[in-house]
Amino acid sequence: MIIEQPEALWAVRDQAVRLEELVSDDPAVKELPLRRDVRSLGVVLGNVLREQAGDDLLRTVEDVRRLVIAAREEENGPAATPAAPTVQPLIAGCSVAECYRLARAFSAYFELTNLAETNHRKRRRRASQVLEKPPERGTLAGTLAHARKAGLSAGDALQLLERVEVVPVFTAHPTEVARRTVLFKRRRIARALERLDVLPLTRPAAAAGANAIAAEVASLWQSDEVHRRRVTLRDEINMGLDYFRIVVDSLPAVYEALSSAFAHAFGSRIAPNELPRVLRFGSWIGGDRDGNPFVTPQAMRDALEGARRLIVSSYVTSVADLMDRLSSSTAQEPVTAQLLERLRAYSERYPQVNRDNTTRSAAEVMRLFLDFVLFRLRQLRGGVHDAAYASAAEFRADLQVLRDNLCAHNGERLAALWLDPVIRQVDTFGFSLYSLDVRAHAATLETAVKELRAAPKSAIGESTSAALESMRAVAALKNEFPPDSIRSHVISGARNAEDILNCVWLARLGGVRPEGSSGDPGLMPVPLFESIEDLRHAPEVCRSLWTSPTYTPLLESWGRRQEVMLGYSDSNKDGGMLTSAWEVYKAHRALHAVARDCGVTLTLFHGRGGTVGRGGGPTHRAILAQPPGAFSGSIKITEQGEVLNWKYADSVLAERNLDSMVAASLEALMRARGAEPTNGQTPFEDAVEHMSRDAFAYYRELVAPESGLVTYFEYATPVLELEHMNIGSRPARRRGGADLAGLRAIPWVFGWMQSRHGLPAWFGVGYACERFVKSKDGGAAVLQQMFRESPFFEDLVRNVEIGLAKSDLSIAQAYSALVPDAALRERMFAAIASEFERTRSAVLRITGQQELLQTNPVLARSIRLRNPYVDALSWIQVDLLRRKRAGQGDAAVDRAIAATINGISAGLHNTG
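Residues numbered from 1 in each chain as written. Predicted model: local features only at pLDDT ≥ 70, side-chain atom pairs only at ≥ 80, totals over all residues. Heavy atoms only, no water.

## Structural notes on the overall build of the protein chain
Right, so step 1: A count of helical and extended segments in the protein chain gives 37 helices and nine strands.
Right, so step 2: The C-alpha radius of gyration of the protein chain comes to 28 Å, within 12% of the 29 Å expected for a compact globule of 912 residues.
Right, so step 3: Referenced to the eigenvectors of the C-alpha coordinate spread, the extents of the protein chain come out at roughly 85 × 75 × 65 Å.
Right, so step 4: Looking at the 912 residues of the protein chain, the share that counts as buried comes to 60%.
Right, so step 5: Nonlocal contacts in the protein chain, meaning residues at least 24 apart in sequence, comprise 83% of its contacts between residues at least 6 apart.
Right, so step 6: For the protein chain, the computed accessible surface area is about 35100 Å², with 50% contributed by carbon and sulfur atoms.
Right, so step 7: Taken as two groups, the 112 positive and 110 negative side-chain charges of the protein chain have centres that lie 1 Å from each other. (Helix = DSSP H or I, 4+ residues; strand = E, 2+ residues; numbered from the N terminus. Rg over C-alpha atoms; globule rule 2.2 N^0.38 Å. Buried < 20%, exposed > 50% of the residue type's maximum accessible area, 1.4 Å probe, protein only. Contact = heavy atoms within 4.5 Å. Areas by Shrake-Rupley, 256 points an atom, 1.4 Å probe, with all protein chains shown as cover. Lys, Arg positive; Asp, Glu negative; His and termini not counted. Charge placed at Lys NZ, Arg CZ, Asp CG, Glu CD.)

Following this line, the structure appears as structure tokens:
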């Protein structure tokens, strides 16, 4: 980290040269701004470290950095012996306090590098707009342009778009490490970085920007990076709402982009407010009771109250802005009779508004009317009152009266720019912002039903009492809040139709209306199939349910629509990467076939996580990899806590992510257009089925109780340290679970990622591919053809490739040394290292590449640049774990380990 004066950072010598860097498409030029940001942020950090902690820390940071970079340069292979023996004595000689400061220094570097890379993504997006490049695949503009070239008319494309409904569902993450305080500091640094791209940039402005960033970095250094207390549900609710604020502000831009894309592709513009609704939102934060004893009726209320307060406050701000802008006078333009009549009715109903408003001109009728709109919104924000809007539909109707008045009197432009974005927000968010999903485990519901049917109330257990109280709370909350504030009850671990009917019975007992009426969508039980066995049984379970006379009235009340959720995390933990992906794919396809047979419109809810081992990977590619003919246009996808920051940290990222998901859904419908839905075999199904069987058997052998893998996992990873970190409200294990089955999938992946094994993302794939090639003539060519022609197999291989690239077996071997049983340690690591190399070779052979991520240079460069610094944190973490396991642990050691976890998460771009 080079120490320079702040005024030298980001300074511009030649404005024209700087502009060319910002908009160039030359690979050698367009990366220069990113390098400048990374280098300048490193300088800022170096200055801050010197100011805050002195030269000794800075020298140690530099020594460690040089050693790990040198080790990377000398590394001979992904499964070599530990490549940094020289750094171990240096770290071993540091006190716990010094290790903590070292970890924080490298973590801060990653925080800043992540911000620089995010800023560069936004910069390149602007550059593509300046250069007027052909729209990229994966965007709405690119998808609609492709649709036109494929022969679709504007009407055809619009009909397909009317079928699209994408529902991102925000969830809390039990290994999410960032505090809200840290998130706010990130955003302020991000805004400062973006301002440094505004040209012309004077030297004083550059110095001011550098100083502003330095102040935030210094404040970041002086702040706790993780909580000193256990994270509460209220903390998680508030963090989720922080991201929803950005989504609310970003939504109109998504529809404006869609409108512009339509005009560019087809030459005919559809106004944003005339486009079909393609997005709505959900949340689990405050409603997910599965294994979380802190999700109480009060938590659900907090989640709904916070959501209503946020969205209504947004409308208050928007209406106040409209009041400033809509100053038209009847002396200049008349107003409609409808507006005058609505104003007269409000004046009679709420005379206090007129009494309080003595300065408004009688000629400014729209402003007079907006006074009443604002009054009713403020009444709602403070809770439900007689004067408050009874529904979002009432509020929208008032906005429509204003819009009609503007359009009738030469105000179309004003309506389009100022009113339509608010109307689109109301159509999407209503007064609820999102639908809060409630979740409980099937076993909990089963126990509750048995106890309530068999015993007097005094005899029911604590769990049953909580389950019944939860249903009663749902009934009360659906009366107090907009009915669609709670629409679904997810049933984890669903195995049979009885599990779903148990939920229905308990809901009815709790007072939840069993059928939708008066605009109430009711409470739909959503089975979540998680294990490999449950995924295989899912189609027949749903057939049994959808043909059950008991369930038919509910199905009819929802217009014969049904959500079913597929679990990626637990299926991966249960069956390994390849089998999990394949069984989810088959269940997806078969469920759609059963739904067609039963006359049901199916929405699949995909429980994807952030890492590859939990269903992560590019969302756009995953949506396109759905089975042909098995997509209705409606899709729900979990957005885990750790990925919210990557996707929704600011409006540009949120717009891009939402645009991409809608574009993928539209493209998936285009691909299926004219294709016959089928549940039959694809040309490559036999090959994947064969490999899945081999991968499953090999993986199950690894995780069998007698193998000792769980013991290895608990010693060779920091998973047990989760219990000492205040980073999530939910326990890492389900109650009573001390084995692999009881361990949640999220900490399972967390431990393997932190220790650089990355096992859930790739184990078993190489073994299966190798056996397939050996068992079939031309097997390698078949796999290569599958990669080219099967979206499912391409997505699988590319995700495995990412998992391999983020793993590092030379570092993982250092973690394995923490396992006290030498025989277990050597046997397990040898098996893991062997399969890693086998899988790596298979991926390279299938893709035809010489090295991993050869065709993804942006990600490859990011990982390559980050690896040495992640290595430093890994070596610090290993040393701290060794001290703790040797009995030297205390609160200071736990705090230092937490700092390394924070840094490695930031460096790898995922926690688990």
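## Here's the deal with the pairing of strand β9 (residues 634-639)
Two faces, one strand: in a regular strand the side chains alternate between the faces of the sheet.
Right, so step 1: Of all the six residues making up β9, six are buried; the element is thus mostly covered by neighbouring parts of the structure.
Right, so step 2: Alternating positions in β9 separate into two faces, Ser-634, Lys-636 and Thr-638 on one and Ile-635, Ile-637 and Glu-639 on the other, with burial throughout.

## What to know about the packing of helix α7 (residues 140-149) against helix α11 (residues 233-266)
Right, so step 1: Orientation of α7 relative to α11, taken along the N-to-C sense of each, is 30°, at an axis distance of 9 Å. Relative to α11, the element α7 is oriented roughly parallel. Handedness of the crossing formed by α7 with α11: right-handed. Of α11, the residues touching α7 (which contributes Leu-140, Ala-141, Leu-144, Ala-145, Ala-147 and Arg-148) are Leu-258, Ala-261, Phe-262, Ala-265 and Phe-266.
Right, so step 2: Its residues assigned to classes, the contact of α7 with α11 shows ten nonpolar, no polar and one charged. (Axes fitted to C-alpha atoms, helices over the stretch in contact; angles between N-to-C directions. Parallel < 35°, antiparallel > 145°, perpendicular 65-115°, else oblique. Left-handed = near helix turned anticlockwise from the far one by under 90°. Nonpolar A, V, L, I, M, F, W, Y, C, P; charged D, E, K, R; others polar.)

## Considerations on the pattern of salt bridges
Right, so step 1: Under the defined criterion, the tally for this structure stands at 66 salt bridges.
Right, so step 2: Two residues, Arg-72 and Asp-808, come together in a salt bridge whose shortest N-O distance is 2.5 Å. Remark: Asp-808 occurs in the loop between α33 (791-806) and α34 (809-816) and Arg-72 occurs in helix α4 (residues 55-74); sequence separation between them is 736 residues.
Right, so step 3: Where Arg-756 meets Asp-871, a salt bridge forms, and the shortest distance between an N and an O atom there is 3.2 Å. (Salt bridge = Lys/Arg side-chain N within 4 Å of Asp/Glu carboxyl O.)

## Some thoughts on helix α13 (residues 337-349)
Right, so step 1: Between its first and last C-alpha atoms α13 spans 18 Å; for 13 residues at 1.5 Å apiece the expected length is 18 Å, and the two agree.
Right, so step 2: Those residues of α13 that fall on the buried side of the exposure criterion are Leu-339, Leu-343 and Tyr-346. The arc enclosing the buried residues of α13, seen along the axis, measures out at 65°, which places them on a common side. Exposed and oriented more than 90 degrees from the buried face of α13 are Ala-337 and Glu-348.
Right, so step 3: On its buried side, α13 packs onto α15 (365-381) and α16 (392-408). (Expected span 1.5 Å × (residues − 1). Arc of directions from axis to C-beta.)

## What to know about the sheet that holds strand β5 (residues 488-492)
Right, so step 1: Spatially, β3-β2-β1-β9-β8-β7-β6-β5-β4 is the arrangement adopted by the nine strands of the open sheet, whose pairing is parallel. Of all the strands in the sheet, the pair left with one neighbour each is β3 (435-436) and β4 (438-441).
Right, so step 2: Pairing analysis gives six bridges linking strand β1 (residues 165-170) to β9, with the strands arranged parallel. What sits directly across from Phe-170, in β9, is Glu-639. (Pairing = 2+ DSSP bridges.)

## Some thoughts on the side chain of Thr-464
Right, so step 1: Secondary-structure assignment places Thr-464 in helix α19 (residues 462-480).
Right, so step 2: Looking at Thr-464, its side chain comes within polar contact range of the side chain of Glu-451, at 2.8 Å. (Polar contact = N/O pair within 3.5 Å; in protein donor to acceptor, adjacent residues only side chain to side chain.)

## Comments concerning the nonpolar core
Right, so step 1: Leu-279, Leu-377, Phe-395, Leu-433, Trp-546 and Tyr-551 are the most contacted members of the largest nonpolar core, which has 158 residues in total.
Right, so step 2: For this core, the leading source of residues is α11, giving 16 residues.
Right, so step 3: Discounting residues that sit within four places of it in the chain, Trp-546 has contacts with Tyr-551, Leu-555, Arg-560, Gln-562, Val-564, Leu-591, Val-594, Ala-595, Cys-598, Val-600 and Leu-602. (Core = buried A, V, L, I, M, F, W, Y, C linked by side-chain atoms within 4.5 Å.)

## Section: the confidence of the model for the protein chain
Right, so step 1: Within the protein chain, residue pLDDT values average 90, and 92% of them lie at 70 or more.
Right, so step 2: Low confidence marks residues 76-83, where pLDDT is under 50. Its contacts with residues over four positions away, or in another chain, come to 21 contacts. (pLDDT = per-residue confidence, 0-100.)

## Some details on the packing of helix α29 (residues 709-716) against helix α30 (residues 745-754)
Right, so step 1: Running from amino to carboxyl end, α29 crosses α30 at an angle of 60°, the nearest separation of the two axes being 9 Å. In terms of orientation, α29 and α30 fall into the oblique class. Classified by chirality, the crossing of α30 by α29 is left-handed. Between α29 and α30, the contacting residues are Leu-709, Tyr-712 and Phe-713 on the first element and Pro-747, Trp-748, Gly-751 and Trp-752 on the second.

## So, helix α28 (residues 685-703)
Right, so step 1: Under the 1.5 Å per step criterion, the end-to-end length of α28 is 26 Å for 19 residues, consistent within 8% with the ideal 27 Å.
Right, so step 2: Along α28, the residues classified as buried are Glu-685, Ala-687, Val-688, Met-691, Ser-692, Asp-694, Ala-695, Tyr-698, Tyr-699, Leu-702 and Val-703.

## A word on the packing of aromatic side chains
Right, so step 1: Counted by the stated rule, this structure contains 32 aromatic pairs.
Right, so step 2: An angle of 25° between the planes, with centres 5.7 Å apart, marks the rings of Tyr-346 and Phe-372 as stacked. Remark: Phe-372 occurs in helix α15 and Tyr-346 occurs in helix α13; sequence separation between them is 26 residues. The pair Tyr-346 / Phe-372 is uniform in exposure class, with both members buried. (Phe/Tyr/Trp six-rings, centres within 6.5 Å; stacked < 30°, edge-to-face > 60°.)

## Some words on unusual backbone geometry
Right, so step 1: That bond from Leu-199 to Pro-200 is cis: its omega, -5°, falls within 30 degrees of zero.
Right, so step 2: Inspection of the secondary structure assignment puts Pro-200 in the loop between α9 (180-195) and α10 (203-221).
Right, so step 3: You will see that Trp-10, though not glycine, has its phi angle at about 60°, which is positive.
Right, so step 4: With respect to the element layout, Trp-10 can be found in the segment before α1 (15-23).
Right, so step 5: With a phi angle near 70°, Leu-433 is a residue other than glycine that sits in the positive phi range.
Right, so step 6: By the element assignment, Leu-433 lies in the loop between α17 (412-429) and β3.

## A look at the state of the cysteines
Right, so step 1: Counted by the stated rule, this structure contains zero disulfides.
Right, so step 2: Cys-542 carries a free sulfur, and the closest cysteine sulfur to it, the one in Cys-598, is 9.0 Å from it.
Right, so step 3: Given the relative accessible area of 1%, Cys-542 is considered buried.
Right, so step 4: The class for Cys-598 is buried, based on a relative accessible area of 12%. (Disulfide = S-S within 2.5 Å.)

## Structural notes on the side chain of Gln-562
Right, so step 1: The residue Gln-562 is located in strand β7 (residues 561-567) in this model.
Right, so step 2: One polar contact links the side chain of Gln-562 to the main-chain carbonyl oxygen of Pro-525, over a distance of 3.0 Å.
Right, so step 3: Not counting residues up to four positions away in its chain, the partners in contact with Gln-562 are Met-524, Pro-525, Val-526, Pro-527, Trp-546, Tyr-551, Leu-555, Val-600, Thr-601, Leu-602 and Thr-603.

## Some details on the environment of Phe-106
Right, so step 1: As for its placement among the helices and strands, Phe-106 is situated in helix α6 (residues 96-131).
Right, so step 2: Taking the C-alpha atoms as reference points, Phe-106 and Phe-605, separated by 499 residues in sequence, lie 38 Å from one another.
Right, so step 3: In contact with Phe-106, not counting residues within four places along its chain, are Val-61, Val-64, Arg-65, Tyr-869, Ala-872 and Leu-873.

## Considerations on the environment of Lys-573
Right, so step 1: By the secondary structure assignment, Lys-573 is in helix α23 (residues 569-575).
Right, so step 2: For the pair Lys-573 and Pro-760, spaced 187 residues apart in sequence, the C-alpha separation works out to 7.1 Å.

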